Amino acid sequence: TFRKQVQYKFAQDCLDNPPKTIEDFNCSRKNKYIFYENISGFNKGVSIDKIYNNPPFYFNPWLSGFIEAEGNFNLVFKEGRLHKSAFSIGQKGELHVINMIKTKFKSNNKILQDKIIISNKFKSCIFIPYYRLHLYNAVSRKYLFEH
């Protein structure tokens, strides 16, 4: 996710150019998410379609773990038989992640902006949208089960 990419970049920068003082380090660490809402900035010059249709090599195993952590399967039985099934998954502030999942499972369902999360880290308020995707059509479920 974007947060992990920012954390990795922060660690790399600290190793490449160690902060001169603890204050410099703390300031850099505190401000590493300052451009959190400008998510497209970390993929400058790369087409969004290219990203969605050609995810990174680690995407499938990462997605399996992400589904286990954040996914929700809903099975409805009627008279002892599976009547219907659905899957939903969500993520705060990272619409591109949900779009990649939507593309992976060939969904045409709308991504919902569910709620706003208020963070008071570092004595400031940040409004971060929470995005949610439901997969309930047969085509998307087929790709999900194959995954």
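As the structure is a computational prediction, the values presented were derived from the model and not from experiment.

What counts as what
- Residues numbered from 1 in each chain as written.
- Predicted model: local features only at pLDDT ≥ 70, side-chain atom pairs only at ≥ 80, totals over all residues.
- Heavy atoms only, no water.
- Salt bridge = Lys/Arg side-chain N within 4 Å of Asp/Glu carboxyl O.
- Helix = DSSP H or I, 4+ residues; strand = E, 2+ residues; numbered from the N terminus.
- Buried < 20%, exposed > 50% of the residue type's maximum accessible area, 1.4 Å probe, protein only.
- Phe/Tyr/Trp six-rings, centres within 6.5 Å; stacked < 30°, edge-to-face > 60°.
- Axes fitted to C-alpha atoms, helices over the stretch in contact; angles between N-to-C directions.
- Parallel < 35°, antiparallel > 145°, perpendicular 65-115°, else oblique.
- Contact = heavy atoms within 4.5 Å.
- Nonpolar A, V, L, I, M, F, W, Y, C, P; charged D, E, K, R; others polar.
- Expected span 1.5 Å × (residues − 1).
- Arc of directions from axis to C-beta.

Enquirer: Help me understand the pattern of salt bridges, please; the structure alone is not making it clear to me.
Expert: Opposite charge on two side chains makes pairing possible when the charged atoms of those side chains draw close. Here the structure, examined in full by the defined rule, presents one salt bridge. Ionic pairing is found between K142 and E146, a salt bridge with its closest N-O pair at 3.0 Å. Taken together, the residues K142 and E146, both in helix α6 (residues 138-146) and four residues apart, mark about one turn of the helix. Note on K142: relative accessible area 44%, which makes it partly exposed. Using a relative accessible area of 54% as the deciding quantity, one classes E146 as exposed.

Enquirer: What am I meant to see in the packing of aromatic side chains here?
Expert: The relative placement of two aromatic rings is captured by the distance of their centres and the angle of their planes. With the rule as written, the count across this model stands at four aromatic pairs. With a centroid separation of 4.8 Å and 15 degrees between ring planes, the pair formed by W62 and F66 is classed as stacked. Residue W62 and its partner F66 are both found in helix α4 (residues 59-70); the two are separated by four residues, about one turn of the helix. The exposure class assigned to W62 is partly exposed, which follows from its relative accessible area of 26%. Ring geometry for F73 against F87: centres 4.8 Å apart, planes inclined by 45 degrees, an arrangement best described as tilted.

Enquirer: Which parts of the structure should I look at to understand the packing of α4 against helix α5 (residues 95-104)?
Expert: For any two helices packed against each other, the geometry comes down to the angle between their axes and how far apart the axes lie. One can describe the packing of α4 onto α5 by two numbers: an axis separation of 12 Å at closest approach and a directional angle of 105 degrees. Between α4 and α5, the crossing angle belongs to the class labelled roughly perpendicular. Taken together, the residues of α5 that come into contact with α4 (itself represented by F59, N60, W62, L63 and F66) are V97, M100, I101 and K104. When the residues that make up the contact of α4 with α5 are grouped by side-chain class, the tally is seven nonpolar, one polar and one charged.

Enquirer: Quick question: what am I supposed to make of α4 here?
Expert: When the terminal C-alpha atoms of α4 are compared, their 15 Å separation across 12 residues agrees well with the 16 Å that a helix rising 1.5 Å per residue should span. Residues of α4 that are buried: F59, L63, F66 and I67. Buried residues of α4, viewed axially, fall in a sector of 100 degrees; they line one side. What points out from α4, more than 90 degrees from its buried face, is the exposed set P61, E68 and A69.

Enquirer: What exactly am I supposed to notice about the environment of M100 here?
Expert: Inspection of the secondary structure puts M100 in helix α5. A relative accessible area of 9% places M100 in the buried class. Residues M100 and N54, 46 residues apart in the sequence, show an inter-C-alpha distance of 9.3 Å.

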